Amino acid sequence: MIIQYSFYFMNFTKKHLAAFNISCRVLIALVGGYLFSALSAVLIAQLLPGDEINSIITGLMLSFIIYTVIVLFVFATKTTLRAGVGVFIPCIVMYVFYHYLNGITA
Amino acid sequence: MKSRFRQSMGWLHTWAGFAFAWLLFFIFVTGSLGYFENEIDRWMKPEIAIVDDAIDDFEILNSAKQQLTVLASDAEQWYLAYPSKRNPYIKISWLQPANAELGMPKQWHEEYLAPHTGKITPTRETSGGETLYRLHYNLHYVPAVVGYLITSLATLFMLIGLVTGVIIHKKIFIEFFTFRAGKGLRAWLDVHNVFSVLPLPFHLMITYSGLVLLMGISFSPVIDATYGEGKKMHRQFYNESKTENKQQQTINLNTADLSLKAELSHKPVLSLKTVLTDAKARYKNQTVSYLGIIDRNIADNTEQPSFQVWLDGNEGIEFATLLSYRLVDGQIQLEESLGKTHSAAKIYDILEHLHEGLFADTYLRWLYFISGLLGAAMIATSMIIWVKKRQNHPTKFIILIDKLNAAVVVGLPIAIAAYFWSNRLLPLAMSNRAEWELHSLFIVLAACACFCIVRAADKVWKSMLWIAATVYALLPIGNMLTTEHSLLASVQQGDWLMLGFDLSMLCFAGCFALAAVLLKTGQNETELTMKTNVKKNMKGVIKTC
Amino acid sequence: MLILSQILLQLLGFTLLSLSLSRNYSKVIKSTNKRLTKRTSWIIRACGYSLLIIAVFWALNSWGVALGLVYSFATATLTATFTVILLTYTRST
């Protein structure tokens, strides 16, 4: 059953390749961008020296610039795959680094 | 995505803009109105008596105290607002604690006092200018948090639109003064550029500060991860980030009045009267804008009440300075705020003040308003361009979008006029009157949409413009018929806020009429039509305040 | 008074900047033998920019940094828009 559905899915996307690509990019930009900027904000907050409150506010304020840059990046790359990799791999790296910083074994 | 970077950014600019265009138009228009919320409030509460001659601060305090003692004896907080240039009335407000018997939640009440008698002036229940402008981030008919999230998302798309717009318009400054008033699509693009590039600092500032103002909600998981989860921890975070450096000193109250001195000789007594005397003596040339008591704590005398004096701000983009007087260990302590402790909070403050523009005088306020309307015009022209680019192969969908563009771009002003009309026409004794004013705004907006869908595509813009012109032109007449404020009476009484509002309505009516007259039915836009649409969106400047 | 001088300075500055482009120059200055040379263009442009910079610094001086920046940007929007509308939508007389 699963195999049948996946074949159907792949044929569908082959026929509507452009729409599929664009939808993927939109999802990567919006969802991936949010993850990326939120994780960056958390890391900025934890890595900046000094006052905790200052770092959190700074991280939050910078997150929007990061979000915009990520969205521009996602739509500027040549292939959708590059966009996805470029967003989600750093997300995973940041997530692992966050847990390392907070002493929880991943 | 496309073969070249600029083309990808062009694609992104078009579609990021398309996604939230109508909502962003709504946000820009209702937000821009917020810069004149006090003036709109004045018009929507015509019963309030204007204070036009200087009344002694203490006289006002006496009347206020009389009323508050009667009405708000068990309230936690009392506030008295002194007349100012933009709010020339005496207003008292108090925070009523929750009453379980009557089922009333903890809420604020406010009343206006007549200038010399000190009696309460009953005003109609209305949403006023404040709710109108709050629509731009609360939205309506959705819970507040949902409104914030949708607004944040739309603002993010706006920021992307702005940044991609700058990227694709490389030769931005060379083309600065060489726009062409030609025909067709090129002319519309040039108008769109005028509205985007010239107020660009404003657009970038308002968009970014708007995002920052809502960052606590849109990026609340960040606070969860770095500070703590849950409502309590978030509130603690906000309180901690807002802490201010305070200069505290123990003082003897400065009393200019000998009789007061005799009263105080035995032990220090804090009351609004003594606090006001002290503040005025200490800061001789500054105007007092508010007085307040917080932590009145009638129920349990655990904490001493704090008496607050707000002085009109005269420092850059700060709005006001706060002096707090409190009895601590039998001594009077004066606390003055020196600004936020955390430097990042200071930057947040700057962005907040720039966005809200509370510090702005008449000149800057009009420029804020006009820039906001230019932003709305930028969005309106972009929607029109989207349709025009596809006009050679019109499908049903594109025609529908064209009609709905008219419904939003002209329909929203009509709906706002309906909101003002409802303030005058709804019966005063109606229950939920304030809510129904807002309902009428949205009902008329929906009605405009229905009208536009039904109307023929080549007649829809013209009809809508004429309807808008009529509705706005009749507003001052409606004002005259339903209240005692006519244009003539406002001039005679020196009620500049009322007069300004009425004249602005006539001005908008004129712009809509001009646009309707010069708009040619047909597909080709001409130079003249360009001109009128520019005029329509510039919305005139009349110095009335 | 201060606001008026700010408006006038910036208006003059933006007018000069716009005149430094040949298209606008030929529209305003109507003689057939006086075409805009690169040198004249450069001079006009430099004067325009200097006036704008003077206006900004004057604003910063009169109102402080925060308020001064707000005043200069706001006035820039007003005057630049006015200049553009004037140039674009009036036919050369």
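Residues numbered from 1 in each chain as written. Chains lettered and ligands numbered in written order. Predicted model: local features only at pLDDT ≥ 70, side-chain atom pairs only at ≥ 80, totals over all residues.

### Overview of the overall build of chain C
Step number 1: What chain C contains, in helices and strands, is 4 helices and 0 strands.
Step number 2: The helix and strand sequence of chain C, counted from the amino end, reads α-α-α-α.
Step number 3: Summarising its shape, the C-alpha atoms of chain C cover approximately 45 × 30 × 15 Å along the three principal directions.
Step number 4: Every one of the 93 residues in chain C was classed for burial, and the buried ones make up 35%. (Helix = DSSP H or I, 4+ residues; strand = E, 2+ residues; numbered from the N terminus. Buried ≥ 20, exposed ≤ 12 C-beta atoms within 10 Å, placed from the backbone.)

### Quick look at the packing of helix H16 (residues 411–425) of chain B against helix H18 (residues 460–482) of chain B
Residue and element names in this part refer to chain B.
Step number 1: For the pair H16 and H18, the least separation of the axes is 10 Å and the interaxial angle reads 15 degrees. Taken together, the axis directions place H16 and H18 in an arrangement best described as roughly parallel. Seen from above, H16 lies across H18 with left-handed handedness. Where H16 abuts H18, its residues Gly411, Pro413, Ile414, Ala417, Phe420, Trp421 and Arg424 lie against Met464, Ile467, Ala468, Val471, Tyr472, Leu475, Gly478, Asn479 and Thr482. (Axes fitted to C-alpha atoms, helices over the stretch in contact; angles between N-to-C directions. Parallel < 35°, antiparallel > 145°, perpendicular 65-115°, else oblique. Left-handed = near helix turned anticlockwise from the far one by under 90°. Contact = placed C-beta atoms within 7 Å.)

### Side note on unusual backbone geometry
All names here are of chain B.
Step number 1: Positive phi values are uncommon outside glycine, yet Tyr141 reaches one of about 65 degrees.
Step number 2: Considering the arrangement of structural elements, one finds Tyr141 in the loop between helix H4 (128–138) and helix H5 (144–168).
Step number 3: Positive phi is not limited to glycine here, since Asn432 has a value of about 55 degrees.

### Re helix H2 (residues 17–47) of chain A
Step number 1: With 31 residues, H2 of chain A extends 42 Å between its outermost C-alpha atoms, agreeing within 8% with the 45 Å of an ideal straight helix rising 1.5 Å per residue.
Step number 2: Of all the bends in H2 of chain A, the largest measures some 30 degrees and sits at Gly32 of chain A. (Expected span 1.5 Å × (residues − 1). Bend = angle between axes of the 7 residues up to and from the residue.)

### Remarks on the interface of chain B and chain A
Step number 1: On the chain A side, the residues contacting the 26 residues of chain B number 23 residues.
Step number 2: Mapped onto the side of chain B that touches chain A, the elements with two or more residues apiece are helix H1 (5–33), H5, helix H7 (200–213), helix H9 (220–226), helix H10 (231–241) and helix H13 (343–356) of chain B.
Step number 3: Of all the elements, H9 of chain B adds the most residues to the side of chain B that touches chain A, at 5 residues.
Step number 4: Residues that form the side of chain B that touches chain A fall into these classes: 20 nonpolar, 5 polar and 1 charged. (Nonpolar A, V, L, I, M, F, W, Y, C, P; charged D, E, K, R; others polar.)

### Let's talk about the environment of Leu445 of chain B
Residues and elements named next belong to chain B.
Step number 1: For Leu445, the position within the fold is in helix H17 (residues 433–454).
Step number 2: According to the C-beta neighbour criterion, Leu445 is partly exposed, with 19 such atoms within 10 Å.
Step number 3: Taking the C-alpha atoms as reference, Leu445 lies 40 Å from Asn239; in sequence the two are 206 residues apart.
Step number 4: For Leu445, the contacting residues outside a window of four places in its chain are Gly411, Leu412 and Ala415.

### A few points about the interface of chain C and chain B
Step number 1: Facing 22 residues of chain C, the contacting portion of chain B comprises 18 residues.
Step number 2: Mapped by element, the contributors of at least two residues to the side of chain C that touches chain B are helix H1 (2–19), helix H2 (22–28) and helix H4 (65–89) of chain C.
Step number 3: Top element by residues in the side of chain C that touches chain B is H4 of chain C. It accounts for 16 residues.
Step number 4: Grouping the constituent residues of the side of chain C that touches chain B by class yields 14 nonpolar, 7 polar and 1 charged.

### Here we look at the nonpolar core
Residues and elements named next belong to chain B.
Step number 1: One finds Phe25, Tyr472 and Phe512 to be the most contacted residues of the largest nonpolar core, which totals 142 residues.
Step number 2: No other element matches helix H14 (residues 362–389), which puts 14 residues into this core.
Step number 3: Non-local contacts of Phe25, meaning those with residues more than four positions away in its chain, are made with Ala376, Ile379, Ala380, Val408, Val409 and Leu412.
Step number 4: Grouped together as the second largest cluster of nonpolar side chains are 29 residues, Leu68, Tyr82, Ile90 and Ala279 included. (Core = buried A, V, L, I, M, F, W, Y, C linked by C-beta atoms within 7 Å.)

It is worth stressing that arrangement in space is one thing and function is another; only the former is reported here.
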